[in-house]
Structures are given as structure tokens and as C-alpha cells.
Amino acid sequence: LSLQVKLAHHPPPTNPTPPSHLSPLSFVLKQYSMASEGKTDAPRRKRAFRKFSYRGVDLEDLLEKSKPEVTAMMCSRQRRALSRGLPKGAVRLMKKLRKAKTNCPEHEKPTVVNTHLRNVIIFPDMIGSVVGIYNGQTFNPVDIKPAMVGRYLGEFAITYKPISHGRPGVGATHSSRFIPLK
């Protein structure tokens, strides 16, 4: 009885060592089960989300930069295309996207802006917009996300249906001629 009283008054050590009768693995599993039941006093850490950066520049700073500064950060293919100037269609599309974003209610997605322009380079001010990109048959709605900056709109609307190879049919090979049709 006196042993139990003595143990009750002493708090457990902060860095517990496994008792000799437990293997290290079973001790770790026991500690884990105690933690999942909420028996430990350690505060739970908040989940940290990865902050987006384009070429080492945070999103907030990227949105403040001018178009020539953003263009200078892009790959050579995009820099070359933009050095020749933005086409009228791209300027018109950006204007429509800006208008759709300003007219939408708070905490809602803007309306879809349909376009045939697959060769437009995505700029930071297009983030958060919804673009309907034409794939030759339909307009695929695409939410513009920060990771898409510096890429072309056409990359996000596939123009063909990926095939899934099944079994060969009649006439596929010479040997298939001798398969009896049921």
C-alpha cells in the first residue's frame, strides 16, 4: 500500500524509458495508443499548410508585380511569346475574367468565361477565375490555381479521349480469323 502511495505522488518522467519487460516496439505502440486516447498532456500542433511561391516569390508579392516583372520570371518560351506583345484576344479575355471576379458575390466562384484561346499564358491576376477552355468539342471549365502560373490554358483541356486498349477484335490479326464467332 505504501508503494502505491509513493507512486501516486510522483509524476511520470517527461522522456519515459521502456520498462525491461516491454520491447521498444510495443512500448512505442502503447505510447501511441495513449496519445490517440488523449491521455498525454502534450498540446497538438496545428497543421501547417505549404505556402505557394512561384520561383521563390510569394503569391502576395507576385500579385503586386507588374506584367513585365512577372514575364521576366517566366521560362524562355513564355518570355519570347510575351516579348512580342500580348494578343488582343488575350487582353480581352483577361478583362472578361477581371469583370467576372468583381461581379461575383463574396466567397463564391465567378461565372465561367468561355474561350477558344488555348495559347494564352496564365498570369497571377487570373488566379481564382473559372475559364471554359475549348477542346474542339466542348468547353472544359477549369479553376485557375496558383500552380498554373506561367503555363498555357490549353495544357488544362485535353483535346483527345485517351484510349484504353481492350481485347483485339475480329480482323485485328491473321490468327483472329480462326476464332469461332458465337
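Structural data are supplied above this passage.
Note on numbering: residues in each chain are counted from 1, in written sequence order. Whole-chain, interface and lining totals are the exception, using all residues; otherwise, since this is a predicted model, local features are given only for residues with pLDDT of at least 70 and side-chain atom pairs are given and counted only at 80 or more. To get the side-chain values, take all heavy atoms of the structure and skip hydrogens and water.

With that settled, the discussion passes to empty space enclosed by the protein. Using a 1 Å grid laid over the protein atoms alone, points where a 1.4 Å probe fits but cannot get out form a cavity; open sets with protein on both sides within 12 Å along at least 5 of 7 lines form a pocket; any residue with an atom within 4 Å of a point counts as lining. Grid points are joined across faces, edges and corners, and a volume is the space filled by probe spheres set on the points. Here the structure, examined in full by the defined rule, presents one cavity of 30 Å³ or more. Approximately 30 Å³ is the volume attributed to the largest cavity. Forming the walls of the largest cavity are Met94, Leu97, Arg98, Lys101, Asp125, Met126 and Ser129. When the residues that make up the lining of the largest cavity are grouped by side-chain class, the tally is three nonpolar, one polar and three charged. When residue character is reported, Ala, Val, Leu, Ile, Met, Phe, Trp, Tyr, Cys and Pro are called nonpolar, Asp, Glu, Lys and Arg charged, and the others, Gly included, polar.

Any two strands between which DSSP finds at least two bridges are classified as paired. Runs of E in the DSSP output that reach at least two residues are strands. Runs of H or I that reach at least four are helices, and both are numbered from the N terminus. A sheet is described by the order of its strands in space; here three strands give the open sequence β3-β4-β5, paired in mixed fashion. The two strands at the open ends of the sheet, each matched to only one other strand, are β3 (113-115) and β5 (139-143). Mean inter-strand twist for the sheet, computed between neighbouring axes without regard to direction, equals 30 degrees. Here strand β4 (residues 130-134) runs beside β5; their pairing, made up of five bridges, is antiparallel. From the neighbouring strand, Gly132 faces β5, where its bridge partner is Pro141. Where helix α6 (residues 88-103) meets the sheet, it contacts β3 and β4, and its direction lies at approximately 165 degrees from that of β3. To obtain an axis, a line is fitted to C-alpha atoms, over the contacting stretch when the element is a helix, and the angle between two such axes runs from 0 to 180 degrees between their N-to-C directions. In what follows, residue pairs with any heavy atoms lying within 4.5 Å of each other are defined as contacts.

This paragraph deals with the environment of Gly56. You can see Gly56 is positioned in the loop between β1 (53-54) and β2 (57-58). When the C-alpha atoms of Gly56 and Met73 are compared, they prove to be 9.9 Å apart, with 17 residues separating the residues in sequence.

To continue, consider the nonpolar core. In plain words, nonpolar cores are sets of buried Ala, Val, Leu, Ile, Met, Phe, Trp, Tyr and Cys residues tied together by side-chain atoms within 4.5 Å. Each residue is assigned to one of three classes by its accessible area relative to the maximum for its type, calculated with a 1.4 Å probe on protein chains only: buried under 20%, partly exposed between the two thresholds, exposed over 50%. Residues Leu62, Met74, Phe123, Met126, Ile144 and Leu153 are the most contacted members of the largest nonpolar core, which totals 27 residues. Secondary structure elements with two or more residues in this core: α4 (67-73), α6 and β4. Take this core: its biggest share by element is five residues, from α6. Every residue in contact with Met126, bar those within four places of it in the chain, is listed here: Met94, Leu97, Lys101, Val120, Ile121 and Ile144.

Keep in mind these numbers describe shape, not what the thing actually does.
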